[in-house]
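Understanding the architecture of this molecule
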Amino acid sequence: MRHELQLLAVILVITCAEIYYSGKDKSGVVPLSIALFGLHALAGWFPIGEGALFGGMYRTHALIHFLKNVLDLGVLVVVLQTAGWVKKQLVPENRVSEFYLLLWSSLLGMYYMISSGDVLMLFIGLEMSTLPVAALAAYEVLRMRSAEAGIKMILMAGLASAITLMGISLLYGATGTFSLTVLSQKLTGTGLETLGFIFFFAGVAFKISLVPFHFWAPDVYEGAPTGIAGYLSVVSKGAAVFILMILLLGFAPALSGIWIGVLYLLAILTMTIGNLFALRQQNLKRFLAYSSVAQAGFILLGFLSAGQDGRASIIYFVLVYIFSNLAAFGVVHSVEAATGKENMDDYEGFYRVNPRLAMVMLLALFSLAGIPPLAGFFGKFFLFMSAAAGGYYVLLLIAVLNTVISLYYYLLIVRAMFLRKSAHPLPVIQNDYWMRASLLICVAGILVLGVSSGVYDYIFGLCVRL
Amino acid sequence: MNILLLLLIIPTLTILALMFSKEREQARLVSVVGMGLQFVAAFYLLFAFLRERASGNTDDMLFTSSYMWFSPLNIRFDLGVDGVSVALIVLTAIVTLAGVFISWRMEDLAKEFFISLIALATGVFGFFVTLDLFTMFLFYELAVIPMYLLIGIWGSGPKEYSAMKLTLMLMGGSAFLLVGLLGLYFNSTGAADGHTFNLMEIAAGGIPVEAQRIFFPLTFVGFGVLGALFPFHTWSPDGHASAPTAVSMLHAGVLMKLGGYGCYRVAVFLMPQAASEMAWFFILLTGFSVIYGAFGAIRQTDLKYINAYSSVSHCGLVLFAILMLNKTAMNGAILQMISHGLMTALFFALIGMLYERTHTRIVQEMGGLMKVLPFISACYVIAGLASLGLPGLSGFVAEMTIFVGAFEHADAFHRVWTILAVSAIVVTAVYILRVVGTMLMGPVNNPEYAHLPAAAWYEKTGALLLILPIAAIGMAPLWLSEMIRFSLEPIIRQLGL
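These figures come from a predicted structure and were not determined experimentally. Every chain is numbered independently, its residues counted from 1 as its sequence is written. Here the convention is simple: chains get letters from A, ligands get numbers from 1, in the order in which they are written. The predicted nature of this model means local features are confined to residues of pLDDT at least 70 and side-chain atom pairs, given and counted, to a pLDDT of 80 or more, with totals for whole chains, interfaces and linings taken over all residues.

1. Quick word on the overall build of chain B
Short version of the rule: Segments assigned H or I by DSSP are reported as helices when at least four residues long, segments assigned E as strands when at least two residues long, and all are numbered from the N terminus. Within these notes, the globule rule equals 2.2 Å times the number of residues to the 0.38 power, and the radius of gyration is based on C-alpha atoms. Partly exposed residues are those whose C-beta has more than 12 but fewer than 20 other C-beta atoms within 10 Å; 20 or more makes a residue buried and 12 or fewer makes it exposed, with C-beta atoms placed from the backbone. For the purpose of contact definition, each residue receives a C-beta atom placed from its backbone, and two residues are in contact when these atoms lie within 7 Å.
Each helix and strand counted, chain B has 20 helices and two strands in total. Against the 2.2 N^0.38 benchmark of 23 Å for 497 residues, chain B shows a C-alpha radius of gyration of 21 Å, consistent with a compact globule. When its C-alpha atoms are laid out on the principal axes, chain B stretches across 70 × 60 × 45 Å. Within chain B, the fraction of its 497 residues that count as buried is 61%. Long-range contacts, defined as pairs at least 24 residues apart, comprise 79% of the intrachain contacts of chain B with a sequence gap of at least 6.

2. Here we look at the overall build of chain A
For chain A, the helix and strand inventory stands at 19 helices and two strands. Taking 23 Å as the expected radius of gyration for a compact globule of 466 residues, we find that chain A reaches 21 Å, a close match to that expectation. Principal-axis analysis of the C-alpha atoms places the extent of chain A at approximately 65 × 55 × 40 Å. Going through the 466 residues of chain A one by one, you find that 60% of them count as buried.

3. A closer look at unusual backbone geometry
Following A:Pro372, the chain continues into A:Pro373 via a peptide bond in cis, with omega recorded as 0°. Inspection of the secondary structure puts A:Pro373 in the loop between helix H15 (355-369) and helix H16 (375-389). In the segment running from B:Phe230 into B:Pro231, the intervening peptide bond is cis, with an omega of 0°. The phi dihedral of B:Asn74 is positive, around 55°, even though this residue is not glycine. Tracing the backbone through its elements, the reader meets B:Asn74 in the loop between strand S1 (62-70) and strand S2 (75-81). With a phi angle near 55°, B:Leu325 is a residue other than glycine that sits in the positive phi range. Its location among the elements puts B:Leu325 in the loop between helix H12 (303-322) and helix H13 (327-358).

4. Concerning the pairing of S2(B)
All names here are of chain B. For the record, the criterion: The pairing criterion for strands is at least two bridges between them, as found by DSSP.
Of all seven residues making up S2, seven are buried, and the element is well covered by its neighbours. The side-chain alternation of S2 yields two buried faces, one formed by Ile-75, Phe-77, Leu-79 and Val-81 and the other by Arg-76, Asp-78 and Gly-80. With six bridges joining them, S1 and S2 adopt antiparallel strand pairing. Bridge pairing in S2 links Met-68 to Arg-76. The antiparallel pairing of S1 with S2 creates a hairpin that spans four residues between the two strands, and Asn-74 there sits at a positive phi of about 55°.

5. Quick word on helix H19 (residues 454-462) of chain A
Formally: Here the arc refers to the set of directions running from the helix axis out to each C-beta atom.
Buried within H19(A) are the following residues: A:Tyr456, A:Ile459, A:Phe460 and A:Leu462. Seen from one end, H19(A) has its buried residues packed into an arc of 160°, which puts them on one side. Packed against the buried residues of H19(A) are helix H3 (62-93) and helix H13 (308-339) of chain A together with S1 of chain B.

6. Quick notes on the interface of chain A and chain B
Counted only if it meets this: Following the grouping adopted for this structure description, the nonpolar residues are Ala, Val, Leu, Ile, Met, Phe, Trp, Tyr, Cys and Pro, the charged ones are Asp, Glu, Lys and Arg, and the polar ones are all others, Gly among them.
Between chain A and chain B, the contact holds 26 residues from the first and 25 residues from the second. Of all the secondary structure elements, the ones that give two or more residues to the side of chain A that touches chain B are H16, helix H17 (393-419) and H19 of chain A. With 13 residues, the top contributor of residues to the side of chain A that touches chain B is H17(A). Considered class by class, the residues forming the side of chain A that touches chain B number 21 nonpolar, two polar and three charged.

7. Here we look at the environment of A:Glu342
Note on placement: A:Glu342 falls in the loop between H13 and helix H14 (350-353). When neighbours within four sequence positions are excluded, A:Glu342 is seen to be in contact with A:Asn283, A:Leu284, A:Lys285, A:Val332 and A:Glu336.

8. Observations concerning the nonpolar core
To be explicit about the condition: By definition, a nonpolar core groups buried Ala, Val, Leu, Ile, Met, Phe, Trp, Tyr and Cys residues that are joined through C-beta atoms within 7 Å.
Core analysis: the largest hydrophobic core is formed by 388 residues, its most contacted members being A:Ala327, A:Phe384, B:Leu346 and B:Leu350. At 19 residues, H13(A) tops the list of elements feeding residues into this core. In this structure, A:Ala327 is in contact with A:Val360, A:Leu363, A:Ala364, A:Leu439, A:Cys442, A:Val443 and A:Ile446, ignoring residues within four places of it in sequence.

9. Looking at the packing of helix H8 (residues 209-226) of chain B against helix H10 (residues 245-270) of chain B
Residue and element names in this part refer to chain B. The line we're drawing: In this analysis, axes come from line fits to C-alpha atoms, helices being fitted only over the stretch in contact, and the angle between any two N-to-C directions falls in the range 0 to 180 degrees. With respect to orientation, any angle under 35 degrees is reported as roughly parallel, any angle over 145 as roughly antiparallel, any angle of 65 to 115 as roughly perpendicular, and every other angle as oblique. A clockwise turn of the near helix away from the far one marks a right-handed crossing, whereas an anticlockwise turn of less than a right angle marks a left-handed crossing.
Their axes nearest at 6 Å, the elements H8 and H10 cross at an angle of 160°. Looking at the two axes, H8 sits roughly antiparallel to H10. The element H8 and its partner H10 pack so that their crossing is left-handed. Here Phe-216, Thr-219, Phe-220, Phe-223, Gly-224, Val-225 and Leu-226 of H8 come into contact with H10, specifically with Leu-255, Met-256, Leu-258, Gly-259, Gly-262, Cys-263, Val-266 and Ala-267. In the contact of H8 with H10, the residues fall into 11 nonpolar, four polar and no charged.

10. Quick notes on the confidence of the model for chain B
Spelled out, the test is: Confidence per residue, as judged by the predictor, is encoded in pLDDT with a range of 0 to 100.
Here chain B averages 87 in pLDDT, while 99% of its residues score no lower than 70. As a predicted assembly, this complex carries a pTM of 0.93 together with an ipTM value of 0.91.

11. Some details on the environment of B:Ser248
Residue and element names in this part refer to chain B. With respect to the helices, strands and loops of the structure, Ser-248 is situated in helix H10. For Ser-248, a count of 30 C-beta atoms within 10 Å corresponds to the buried category. Separated by 149 residues in sequence, Ser-248 and Gly-99 have C-alpha atoms that sit 9.1 Å apart. Those residues in contact with Ser-248 that sit more than four places away from it in its chain are His-240, Ala-243, Lys-304 and Phe-348.

12. With respect to H8(B)
All names here are of chain B. Here is the rule: By definition here, a helix of n residues has an expected span of 1.5 Å times n minus one. The quantity called bend is, for any residue, the angle between two axes fitted respectively to the seven residues ending at it and the seven beginning at it.
Spanning 18 residues, H8 covers 26 Å between terminal C-alpha atoms, matching the ideal 26 Å at 1.5 Å per step. Helix geometry: H8 is bent most strongly at Phe-215, by close to 35°, with proline Pro-217 lying one to four residues after it. Buried residues of H8: Gln-212, Phe-215, Phe-216, Leu-218, Thr-219, Phe-220, Val-221, Gly-222, Phe-223, Gly-224, Val-225 and Leu-226, and no others. On its buried face, H8 sits against helix H6 (159-186), H10, helix H11 (272-299) and H12.

13. Observations concerning the environment of A:Gly450
All names here are of chain A. For Gly-450, the location among the structural elements is in helix H18 (residues 433-451). Each C-alpha atom of the pair Gly-450 and Pro-373 lies 7.1 Å from the other, and the pair is 77 residues apart in sequence. Excluding residues within four positions of it along the chain, Gly-450 makes contact with Pro-373, Leu-374, Ala-375, Phe-377 and Phe-378.

Following this line, the structure appears as structure tokens:
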């Protein structure tokens, strides 16, 4: 519970802090928020015991604790990346502390979701993590696209949670319990249970943006403020993957006969459709949206190995993905903030003007594509190993061929940045310290995480239990 | 410290030093020093290896060491070399150093060029020193990806198209390879603690025959793409033609050898039963590569395309010889890799020098160059003669050995394909001699050619670095042949011959 209480304290402090900044200029809230959240993220690494609260509704142990820390890391990077935007856009409108309030409430929801020992708790966490993000997507209210993103997100999320609730009620009807532990013992795979389970699954699949629940992602990413798009594609997706992993591998192995088939199919669809749509994108935010749909498809491979290695490969991949994808979003964000441009053509000749940013982007894209010796290579390799461990070689072949397709579109951006010369290149971009720090963290993660095996070994050790 | 580790540390440090270098002069100096050190280290390795063997060390792999990397999955970084890998490491060091000299006048983004070039070389060195499938795959991809930038930024002609085609086809190959390697891992039984990526352990434990039948074709095709196996060779002509000089050299000279080496070291060595069962099919494909490449080269007028197709033919011959699955032919295959690596690198270096002066690569537009550019022309003749297998140069030794080995098979199928492949060598003579005749001999057909500058010191150094070993192997092939022959013992044991 310490994680949740800490974050709650941070939220409350920031909500009240605004009062103490006299006058119109409340920009002091930004560094205070970053500092407080940084402290929170740091404090999260102190070890914590395991246990359960509220009659088993809430539970925690070392692995869950680690998952929360991973999410903290992602949010920290997002907070750093959005600092410049918050100062420029939100401070004049005096809407700063609400921004942090919403962002962190959503994170709090994810904590509860991961820690839930009970289906209802899980549902509350799911809702709590989704609704504030819809508000955030619409945060640039006066921009029509942003408002559109918000409404799109809330409608789709509403539909998804309705379906989830339907699933929960069916599961309850079939087994008579909400407790995950009891549920896992009672599940036998009858028709009603299967139906309930599939409904339930759809709600989570929406958050991971698996095909065919992915339609909202490109529109929302494109319309939402870039920092929020990054948050959606990394933190929100990561949390949903974690909970899916805990549910499927931890509590529903009895139903694995059903969900392995579902995941097999969805993995193929998600990878292929995400990749094929990404091929034709010009807008980089839409592009990253489809690429992150495709990446979600790869993550599903990790579910096919029931052992410790499968779980470890999922968590490790999400961790790597946080760094790689947020690095890419960071560069897109800084270019957009400086020039308002977000099309691939605009990046022509980027390296010759902004060599450092271009290098960050190159590393991020290569890591996403799985090129050694960057972290993404190891992440993907371990996922592929999980699929092979389960004996799914055909799926594996489809997946690796999909990585080749994905390499094509990642190289398209590399082509624009490095190969092309432009008559009207982007200007030299000066980032603030926050953005630089966030990119530095990401690059360090991309470079170090794979080559040094310590992190993977550590995660593997934690995956003894779910 | 293990000398093999040094072969990885030197290029890595060179890349780091390059990142902090400023001007072109500084960057190329750093590169030459770094790759010069690497050159020395490679030859030191060669002599250390020969000394070990002379002192009676008969282990399969020498200079082995093993570092645990991802212990839960038993992924290790295992180092070790035999005669084959030592020979290829020396080849790589020679070609890389020559490539740096040839790129001496690189104008645009020189620092980035050398970083990418040396990153590519690092991948190749890593591939040859490792005994572990995981790191082997890692270095394979590391060697391929810089090609995209190298061709795309510094290339010529339809460079974006060629770069993309090459990268995607090679990565497509590596996709098949990945499935094959994971299949090997999960069917391995040799390790004491679960599965293993270690080549020697997998070989010792053996792979079940049913699994071999699935994963042999995947692995062979995966590596074969890089070795220009028909019909996956189409990246090669376009890629070579668009690449800048040093990259063509490294690519044709060294990178394509990764394919042959992988087929030999992984596909055939680890899955001998499937290899003998399916060899006939791949002999068809590779035999076709040999003939098709040779006839393709005849039809070309662009010097780079001629050599690219000739590379398809010669690399096809490497795979063809490996698939003969006997000691003599395999010995020839390794010799051919080295000989072809040196000779093609020399060809591409010379083509680059010619193009810089005449601004054309079309054979018919040049004439009488022997009179105005004697050094370059003479080198070209030497490379050509080595390519068509003149005794006294390295090409003869390699091809002779291959065909003797191939003829050891007495059945009609092997005989017919061997004869067809031999006939491709005659075709080689046609296109080489025609180029030499049209381009180098005769009267000077363009008055502007009279003022062409002679080869500069760095060009001469680069060319001589490549010619000397070609002649040395041609004159005294026995020590090299012996070194390789001894290292073939494990694979022959595996094949049960």
